[in-house]
Amino acid sequence: QVQLVESGGGLVLSGGSLSLSCAASGSIFRLYDMGWYRQSPGKQRELVAQITSGGPPTYTDSVKGRFTISGDNANNTVDLQMNSLKAEDTAVYLCNVVVGHRGTAVRYGYWGQGTQVNVSS
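Report follows, based on the coordinates.

### Quick look at the sheet that holds strand S8 (residues 77-82)
Part 1 of the reasoning: If you trace the four strands from one edge of the open sheet to the other, you get S1-S3-S8-S7, paired in antiparallel fashion. Both outer strands of the open sheet, strand S1 (2-7) and strand S7 (67-72), are each paired with one neighbouring strand and no more. Shown here is a sheet whose adjacent strand axes are inclined to one another by a mean of 15°, direction ignored.
Part 2 of the reasoning: Relative to S8, S7 runs antiparallel, the two being bridged by six bridges. When the bridges of S8 are listed, Phe 67 appears paired with Met 82.

Printed below as a string of structure tokens:
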């Protein structure tokens, strides 16, 4: 099992910045992908930013140039720096990791509990 603990959400004025952090712990043999999703009421869950094993970070178009994702495989953490926040960025942000466990080639996905980000205009 893997546990994810997120932190850093809150309320910010439009144009402001927030930083989200996610720490993974548990039986992680290898960490493949790390990402941040968000979900607003009445909307589908959206992939915001992701780091895949061996690949560059990717971002949804609406956050390009404003958000930066960074990951630390040694410490199993993934952060999301959010700048120039807009009201439409308001959502619950969820951390997601894809890991491998010792003794199996199967990859497993795990979710954090989510952290609320509110951007006031």
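Structure shown, so let's carry the discussion forward.
### Quick look at the packing of aromatic side chains
Part 1 of the reasoning: For the coordinates displayed, the defined rule picks out one aromatic pair.
Part 2 of the reasoning: When the centroid spacing of 4.8 Å and the interplanar angle of 65° are considered together, the rings of Tyr 37 and Trp 111 count as edge-to-face. Separated by 74 residues along the polypeptide, Tyr 37 in strand S4 (residues 30-39) and Trp 111 in strand S10 (residues 107-111) bring together distant segments of the chain.
Part 3 of the reasoning: Residue classification places Trp 111 among the partly exposed residues on the basis of a relative accessible area of 40%.
Part 4 of the reasoning: Stacked on the ring of Trp 111, the Lys or Arg Arg 45 has its end atom at 4.5 Å from the ring centre.
Part 5 of the reasoning: Its end group placed over the ring of Tyr 32, Arg 107 keeps NZ or CZ at 3.7 Å from the ring centre.

### With respect to the environment of His 101
Part 1 of the reasoning: If you trace the backbone, His 101 turns up in the loop between strand S9 (91-100) and S10.
Part 2 of the reasoning: Taking C-alpha positions, His 101 is 8.9 Å from Gln 1, a pair spaced 100 residues apart along the chain.
Part 3 of the reasoning: Among residues more than four places away in sequence, those in contact with His 101 are Val 2, Ser 27, Phe 29, Val 106, Tyr 108 and Tyr 110.
Part 4 of the reasoning: Separated by 2.5 Å, the side chain of His 101 and the backbone oxygen of Ser 27 make a polar contact.

### A word on the nonpolar core
Part 1 of the reasoning: Counting residues in each nonpolar core, the largest one holds 29 residues, and the members touching the most others are Trp 36, Leu 80, Met 82, Tyr 93 and Val 97.
Part 2 of the reasoning: Residue assignment for this core shows that the elements contributing at least two residues are S1, strand S3 (18-26), S4, strand S5 (46-51), S7, S8, S9 and strand S11 (115-120).
Part 3 of the reasoning: The biggest single contributor to this core is S9, with five residues.
Part 4 of the reasoning: Leave out the neighbours within four places in its chain, and Tyr 93 touches Glu 6, Leu 20, Trp 36, Tyr 37, Arg 38, Val 48, Phe 67, Leu 80, Met 82, Gly 114, Thr 115 and Val 117.

So, how was this worked out
Residues numbered from 1 in each chain as written. Predicted model: local features only at pLDDT ≥ 70, side-chain atom pairs only at ≥ 80, totals over all residues. Heavy atoms only, no water. Pairing = 2+ DSSP bridges. Helix = DSSP H or I, 4+ residues; strand = E, 2+ residues; numbered from the N terminus. Axes fitted to C-alpha atoms, helices over the stretch in contact; angles between N-to-C directions. Phe/Tyr/Trp six-rings, centres within 6.5 Å; stacked < 30°, edge-to-face > 60°. Buried < 20%, exposed > 50% of the residue type's maximum accessible area, 1.4 Å probe, protein only. Lys NZ or Arg CZ within 6 Å of the ring centre and 35° of its normal. Contact = heavy atoms within 4.5 Å. Polar contact = N/O pair within 3.5 Å; in protein donor to acceptor, adjacent residues only side chain to side chain. Core = buried A, V, L, I, M, F, W, Y, C linked by side-chain atoms within 4.5 Å.

By themselves, these observations are geometric and do not establish any function.
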